[in-house]
Each structure stands twice: as structure tokens, then as C-alpha cells.
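Remarks on the overall topology
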Amino acid sequence: MTTIATRTVREIAVENPATIRVFENLGIDYCCGGGRSLSDACARANVGLESTVEMLLEAQQPHPTDGPRLWDGARLSVLASYIEDAHHGYVRRESNRIFALLARVAARHGDTHPEVLEVSSQFAALLQELTPHMMKEEIVLFPYVTKLEAHFLDGAPLPSACFDSVSRPIANMLADHDDAGAVLARMRELSGGYTAPEDACTTFRGLYQALAEFERDLHQHIHLENNILFPRALALENAVLKSQLALRMQ
Ligand SMILES: [Fe+2]
Ligand SMILES: [Fe+2]
């Protein structure tokens, strides 16, 4: 108990991806705020530490259905492609559907439920940030990391870059993730945790369900980048620098 309580939420989620569902269910931030210890995170989310540990241990048991994938040891190029296909693809597809639902619900229920209008403008702001953010990852950061890995592992040419260290674009992406996390938290607050009001029609309920799912996916997406891809890209850059130094010393 003491050991797991002092470990960071990030470490637990990276080592045992099956625990992510527990964190999601309890409202524990495992992506942008993943650096907190489990006991701090439980206190922040106002949930009991002991019951959380029990749920985490339960989630770690082997389960017959497919859980989230363990990425430690996978090539970064594979992880980056997965993020693009699974998560960037999801944001692009699902945001169009959510915009259409928001427009219908806002037009029909905006006068009696003005919070929907605010949720709608927050979602638009989120997408306005996510769209260029994903493009920067796809055009600059992910290809650079993929080429750097190919250089280190396969002897491919060292890639050129418009930055002196990969830590620069990563710092920008981390700041964007924090902003996105704050907008998600605001939307959750406005919608009462995506609880549809009693008089809500099917479209309204479908909208809140879709937004809750969008939030869950974006948390997993940011977790893969903040807690696995970016730290490993920084370690890779370090390893490349060290091997260059060793070559020069010969
Ligand atoms: Fe991304
Ligand atoms: Fe990102």
C-alpha cells in the first residue's frame, strides 16, 4: 500500500495500461497531471486511497478481453503511427459528428440549457487548438523522432531539424496538452460531468455520451505522448548525442 501510494499515477498507468480505466472512472488525471503521487491524486479527486488501490490491483489481473496496449519496448515509429491513426484520426472523424450534434442541441435546447452554448464554444476552442497541434506533430515532431530512431537503430542518416533539441517542440506540445486538459475540465464542469438533464432528448444524451468518449480518448492520446513517446524521444536524443561524442573521442 505504502509503495503504490507514493508512486506517480504516470508510472502506474505506463506499467499497467489496464489501470487507465480505473483512473478514468474515478476522475484521476493520469495524463497532464500524471506526475502526482497516487495518494495526492486521490486526495485531489476526492476518492479513497485504499479503495482506489484495491481497484487498481483488480484491474491489473489478467483479463480475457483486449486491454490497452503496453508500449514499453515498441519502436517509437510504431507508437507515433499508432497515435496518428488511432487518436488523430479519431479526433478528426469524431469532431465533425460532435459539431453537428452540438449545433442541433444548441438550436433546440440552448434557451433552456444555456450551458450547452458554452460547451459548444469550448469545444470549438479545443478543436481550434488541436487541429494545428496535431499537424505540427505529424509534419515536424513525429517524422523527426522516427528518423532519429532509424539513425540510432539502423544507421540511417542523421535527420536535420529546425530546432537544436527535440526538447523544444516537445515543450510546446506539452504546453498545448495542458491547455487542452484545462478546456476538457471546463467542459466537464459545465455539463455536470456529462450528465444529461431529465428533459434531454435522445440527441442531447447522444451528444454528452459522445463528448465523454471524446474526453476519454483525448486523455489516452495525451498519456501516450506525455508519458511514453516524449520521454523516450528525449532519451533517444541523449543516446544519439552520447554515441556521437564517443565517436569523436576515438
Ligand atoms: Fe497527438
Ligand atoms: Fe499532442
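The preceding data block contains the structure.
So, here is what we can say about the structure in this document.

Conventions used here
Residues numbered from 1 in each chain as written. Chains lettered and ligands numbered in written order. Predicted model: local features only at pLDDT ≥ 70, side-chain atom pairs only at ≥ 80, totals over all residues. Heavy atoms only, no water. Patch = residues over 30% accessible without salt bridge, like charges linked within 9 Å, V, L, I, M, F, W, Y side chains within 5 Å. Areas by Shrake-Rupley, 256 points an atom, 1.4 Å probe, with all protein chains shown as cover. Salt bridge = Lys/Arg side-chain N within 4 Å of Asp/Glu carboxyl O. Helix = DSSP H or I, 4+ residues; strand = E, 2+ residues; numbered from the N terminus. Donors = N, O, S within 2.8 Å, 3.2 Å for Na, K, Ca; no water. Tetrahedral: all angles 85-135°; square planar, octahedral: opposite > 155°, others 65-115°. Buried < 20%, exposed > 50% of the residue type's maximum accessible area, 1.4 Å probe, protein only. Phe/Tyr/Trp six-rings, centres within 6.5 Å; stacked < 30°, edge-to-face > 60°. Core = buried A, V, L, I, M, F, W, Y, C linked by side-chain atoms within 4.5 Å. Contact = heavy atoms within 4.5 Å.

1. Remarks on a nonpolar patch on the surface
Taken together, Met135, Ile139 and Val140 make up a surface patch of nonpolar side chains, about 260 Å² in accessible area. Among the secondary structure elements, Val140 is positioned in helix α7 (residues 115–154).

2. Looking at the coordination of the iron ion (ligand 1)
Around the iron ion (ligand 1), the protein contributes the donor atoms His88 (NE2), Glu137 (OE), His221 (NE2) and Glu225 (OE), at 1.9 to 2.2 Å from the metal centre. Because the angles between the 4 donor atoms bound to the iron ion (ligand 1) fall within 87 to 165°, the donor set is best described as irregular. Sequence spacing of the donor residues for the iron ion (ligand 1), all on one chain, is H-x48-E-x83-H-x3-E. Residue His88 is classed as buried on the basis of its relative accessible area of 0%. On the basis of relative accessible area, Glu225 is assigned to the buried category, the value being 0%.

3. A closer look at the coordination of the iron ion (ligand 2)
Protein coordination at the iron ion (ligand 2) comes from His133 (NE2), Glu137 (OE), His177 (NE2) and Glu225 (OE), with a distance range of 2.0 to 2.2 Å. Donor residues for the iron ion (ligand 2), ordered by position in the chain, follow H-x3-E-x39-H-x47-E. Between the iron ion (ligand 2) and the iron ion (ligand 1), a spacing of 3.2 Å is present, and a bridge between the two is formed by Glu137. You can see Glu137 sitting in helix α7 and its partner Glu225 sitting in helix α9 (residues 202–249), a full 88 residues away along the chain. Comparing Glu137 with Glu225, the two get one shared label, buried.

4. A short note on the pattern of salt bridges
By the definition in use, this model includes 10 salt bridges. In this structure, Arg7 and Glu11 form a salt bridge, with 3.5 Å as the shortest nitrogen-oxygen distance. Overall, the relative accessible area of 25% leaves Arg7 in the partly exposed class. Across the salt bridge formed by Asp154 and Arg75, the nearest N and O atoms sit 2.9 Å from each other.

5. A closer look at the packing of aromatic side chains
As enumerated under the stated definition, the model contains 8 aromatic pairs in all. The interplanar angle of 35° and the centroid separation of 6.0 Å between the aromatic rings of Tyr90 and Phe214 together place this pair among those described as tilted. One end of the pair, Tyr90, is in helix α6 (residues 76–109); the other, Phe214, is in helix α9, and 124 residues separate them in sequence. On the numbers, 5.2 Å between centres and 70° between planes, the contact of Phe123 with Phe214 is edge-to-face.

6. Overview of the nonpolar core
Phe123, Leu126, Leu211 and Phe214 are the most contacted members of the largest nonpolar core, which has 30 residues in total. Among the secondary structure elements, those contributing two or more residues to this core are α6, α7, α8 (167–190) and α9. Residue contributions to this core peak at 8 residues, all from α9. Excluding residues within four positions of it along the chain, Leu126 makes contact with Ala180, Val183, Leu184, Met187, Phe214 and Leu218. Within the second largest apolar cluster, 23 residues are counted, among which are Leu79, Ile83, Ile170 and Leu236.

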